[in-house]
Structure formats: structure tokens, C-alpha cells
Amino acid sequence: MTGDLFAALPREPDIESITEGATLLRAFVSDEEAAALVAAIDTVLAHSPLRNMQTPGGFRMSVAMSNCGQFGWVTDRRGYRYQTLDPLTGQHWPDMPAAFVALAQRAAAAGGFAPFLPDACLVNRYDPGARMSLHQDRNEEDMQQPIVSVSLGLPATFLFGGMERSDKPQRMRLESGDVVVWGGPARLAFHGVDVLRDGEHPLTGRCRYNLTFRRAR
DNA sequence: TAGTGACA
DNA sequence: ACAG
């Protein structure tokens, strides 16, 4: 016997290419760092609470969102955009925690996109049943800048498609501590998240947090 | 088309 | 598909 059948399997860091310009960094975030990130998320959300935004089509998103940093991504009946003010509080979005910036820069570098100076961080909370249909991130000014997406808590199935909505997406399981970085030829790739399955995670309980770092301007 | 819902 |  080389190991206890019931011991937690160690997740070793690993880098995988998804497609040209897109990289999956498995277990890029340590459990210790992940715990610090979740604590920082709590601080952010105390200032700008999660809310289920409305799409231009008039539907509420199942993913609860907030932001930190100089700019925040918002949607309502008028469309998608970045704003310096939180429409819920009327105040500026909370500062991006230093630990967020450090992680985003490390991950971007690992994905081949250094330097990266994010000015926006979207905080997404997926509860069981929440999903995000295929879309492109196209509200940023400089498409030369990458997207960095961090998973914390419950696992999810990430969908990474091509340049056309009709392209069949690759499906990949993202676990807590995984990071996906995309840019260059993959910058406008369609992507989404499949319906989140219920479960329990020691770090977050019954939810998944996703931090998405961008350069809005 | 960052949404839902019907139908096969 | 749909409707926004």
C-alpha cells in the first residue's frame, strides 16, 4: 500500500493548452492562497454586495455578481458596459485587493501575457443551478489584453468554444484553485459555464466563486 | 443571443 | 427559435 484510499488526493500544479492563446493552469492557486482570496472576497462583497443583474433581453442572470477595481462590468436593460460606480450603492467599487492583483499578474505571465495590469475584477458567485451561456468578453477597449479567470469552491464544467457561437465548445472540469487565461487569437472566443451541480466544498460551502480579471481600459 | 423555452 |  502506497497510500490511504481515503486520504485527499494532492492536486499537483499543471499547465495545459486549451487552444492557441488559451491555457488552463490546474491547481495554480494553493489551498492556503485560496482561503485568503475567499476572505478578501468577503471584504469586497461587504462594500458592493452580490446582485443578480438584468440582461438587455430583460432576464435576470442566475449568476450573482459584483466587482472590485477601478471599473466594474454591469448589465441592465440598456446593455453591457463598464462603470466606475456601483449602480447598487452609488459608490465606487471597492479596491482590488493586493492578493487579487498579484495572482492575476502571476497567472497572466504563466499564460504568456505579461505584463498584465487589470483594472477590473468581476466577482461571480454560482449557486447550484446557476449557469452562464456561451458569450464573448467584448466590452473591453484593448483586445490585446488577456482575460484571467479563477475558480474557487465547488467544481464546474467550463465551456470553451471558438470564434463562432456555433462552434462546439470543449468541456473541461474546473476545480478550486484552477485558473484559465486566454488572449491573443483566443481573446474573443465564446465561453460559458454549464449548470452548477450541488455539492459541498470546505472552502466555500455550497457555491463556486469565480474571479475574472480584465483590463477594461 | 452574459436570457428562456419547446420539441425531438 | 425567440424577442430585445
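Sequence order sets the numbering: in each chain, residues are counted from 1 along the sequence as written. Ligands are numbered from 1 and chains lettered from A, in the order in which they are written. Selection of residues for local features in this predicted model requires a pLDDT of at least 70, selection of side-chain atom pairs for listing and counting requires 80 or more, and totals for whole chains, interfaces and linings are taken over all residues. Only heavy atoms go into the side-chain values, all of them from the structure, while hydrogens and water stay out.

S.K.: Looking at this model, I keep getting lost on the layout of surface pockets. Mind explaining?
M.R.: Any residue with an atom within 4 Å of a point lines the site, the site being either a cavity, points on a 1 Å grid over the protein atoms alone where a 1.4 Å probe fits but cannot get out, or a pocket, an open set with protein on both sides within 12 Å along at least 5 of 7 lines. Grid points are joined across faces, edges and corners, and a volume is the space filled by probe spheres set on the points. Considering only enclosed or pocket space, the largest pocket measures out at about 600 Å³ in volume. What lines the largest pocket is a set of 33 residues, among which Met61, Trp73, Met132, Ser133 and His135 lie closest to the centre. The helix count covers DSSP runs of H or I at least four residues long, the strand count covers runs of E at least two residues long, and both are numbered beginning at the N terminus. Secondary structure elements with two or more residues in the lining of the largest pocket: strand 6 (120–126), strand 7 (132–135), strand 12 (191–193) and strand 13 (208–214). Amino acid classes used here: Ala, Val, Leu, Ile, Met, Phe, Trp, Tyr, Cys and Pro are nonpolar; Asp, Glu, Lys and Arg are charged; the rest, including Gly, are polar. The class makeup of the residues in the lining of the largest pocket is 13 nonpolar, twelve polar and eight charged. Volume-wise, the second largest pocket comes out at about 430 Å³. As for the second largest pocket, its lining consists of 17 residues, and the residues nearest its centre are Arg11, Asp31, Glu175, Ser176 and His201. Residue classes in the lining of the second largest pocket are distributed as nine nonpolar, four polar and four charged.

S.K.: Looking at this structure, how should I read unusual backbone geometry?
M.R.: What you tend to see is this: most non-glycine residues have negative phi, and most peptide bonds are trans. Along the chain, Ala114 connects to Pro115 via a cis peptide bond; the corresponding omega equals 0°. Looking at where Pro115 falls in the secondary structure, it is placed in the loop between helix 2 (98–110) and strand 6. A positive phi angle, near 50°, is found at Ala27, a position not held by glycine. Inspection of the secondary structure assignment puts Ala27 in the loop between strand 2 (22–26) and helix 1 (31–47).

S.K.: Hey, could you run me through helix 2 in this one?
M.R.: Expected span, for any helix, means 1.5 Å times one less than how many residues it has. End to end, helix 2 covers 18 Å across 13 residues, agreeing with the expected 18 Å (1.5 Å per residue, within 8%). Buried, partly exposed and exposed residues are distinguished by accessible area as a fraction of the type maximum, computed with a 1.4 Å probe on protein chains only: under 20%, between the cut-offs, and over 50%, respectively. Burial in helix 2 covers these residues: Phe100, Leu103, Ala104, Ala107 and Ala108. The buried side chains of helix 2 occupy one side of the element, clustering within an arc of 130° when seen end-on. Two residues or fewer past helix 2, Gly112 is found with a positive phi of approximately 90°. Along the arc lie the directions from the helix axis toward the C-beta atoms.

S.K.: How do you make sense of the pattern of salt bridges when you look at a structure like this?
M.R.: The rule for a salt bridge is simple: a side-chain nitrogen of Lys or Arg has to be within 4 Å of a carboxyl oxygen of Asp or Glu. Summed over all chains, the structure comprises 13 salt bridges. Here Asp178 makes a salt bridge to Arg11, at a shortest N to O gap of 2.6 Å. Of the two residues, Asp178 is situated in the loop between strand 10 (170–174) and strand 11 (179–182) and Arg11 in the segment before strand 1 (14–19); the sequence distance between them amounts to 167 residues. Given the relative accessible area of 34%, Arg11 is considered partly exposed. Here Arg215 and Asp119 are joined by a salt bridge, their closest N and O atoms 3.8 Å apart. With Arg215 in the segment after strand 13 and Asp119 in the loop between helix 2 and strand 6, this pair connects stretches of sequence that are 96 residues apart. The class for Arg215 is partly exposed, based on a relative accessible area of 28%. Salt bridges here are not isolated pairs; linked through shared partners, they connect Asp137, Glu140, Arg187 and Arg214.

S.K.: Looking at this model, I keep getting lost on the protein's contact with DNA strand B. Mind explaining?
M.R.: Any residue with a heavy atom lying within 4 Å of a molecule or strand is counted as near it. Around DNA strand B, a shell composed of 15 residues is seen, among which Trp73, Tyr80, Ser133, His135 and Arg165 lie nearest. Contacts to DNA strand B include His135, whose side-chain N or O atom sits 3.0 Å from a base nitrogen. Whenever a nitrogen or oxygen atom comes within 3.5 Å of another N or O atom, the pair is scored as a polar contact, on the condition that within protein one atom can donate a hydrogen and the other can accept it, and that pairs from neighbouring residues in sequence are kept only if both atoms are in side chains. Contact distances for DNA strand B include 3.2 Å between a phosphate oxygen and a side-chain N or O atom of Arg165. It is strand 7 that provides the largest number of residues to the surface near DNA strand B, a total of four residues. Across the surface near DNA strand B, the residue classes break down as six nonpolar, four polar and five charged.

S.K.: Is there a simple way to explain the side chain of Asn210 in this structure?
M.R.: Inspection of the secondary structure assignment puts Asn210 in strand 13. Using a relative accessible area of 4% as the deciding quantity, one classes Asn210 as buried. Reaching out from Asn210, the side chain makes a polar contact with the backbone oxygen of Val150 at a distance of 3.1 Å. When checking whether two residues touch, look at their non-hydrogen atoms; a contact exists if any pair is within 4.5 Å. With sequence-adjacent residues up to four places away left out, Asn210 is seen in contact with Leu122, Val123, Asn124, Tyr126, Ser149 and Val150.

S.K.: Hey, could you run me through the packing of aromatic side chains in this one?
M.R.: Paired rings are identified among Phe, Tyr and Trp, the last through its six-membered ring, by centres lying within 6.5 Å, and are further divided according to the angle between planes into stacked (under 30 degrees), edge-to-face (over 60) and tilted (the rest). This structure, assessed with the given rule, holds five aromatic pairs. Seen in terms of ring centroids, Phe158 and Phe160 are 6.1 Å apart; in terms of plane orientation they differ by 45°. Their pairing is tilted. Of the two residues, Phe158 and Phe160, both sit in the buried class. Three or more aromatic residues link up through ring pairs in this structure, and these residues are Phe158, Phe160 and Trp182. Comment: the charge-over-ring label is applied if NZ (Lys) or CZ (Arg) is within 6 Å of the ring centre and within 35 degrees of the ring normal. One residue, Arg208, lies across the ring of Tyr126, its end atom 5.0 Å from the ring centre.

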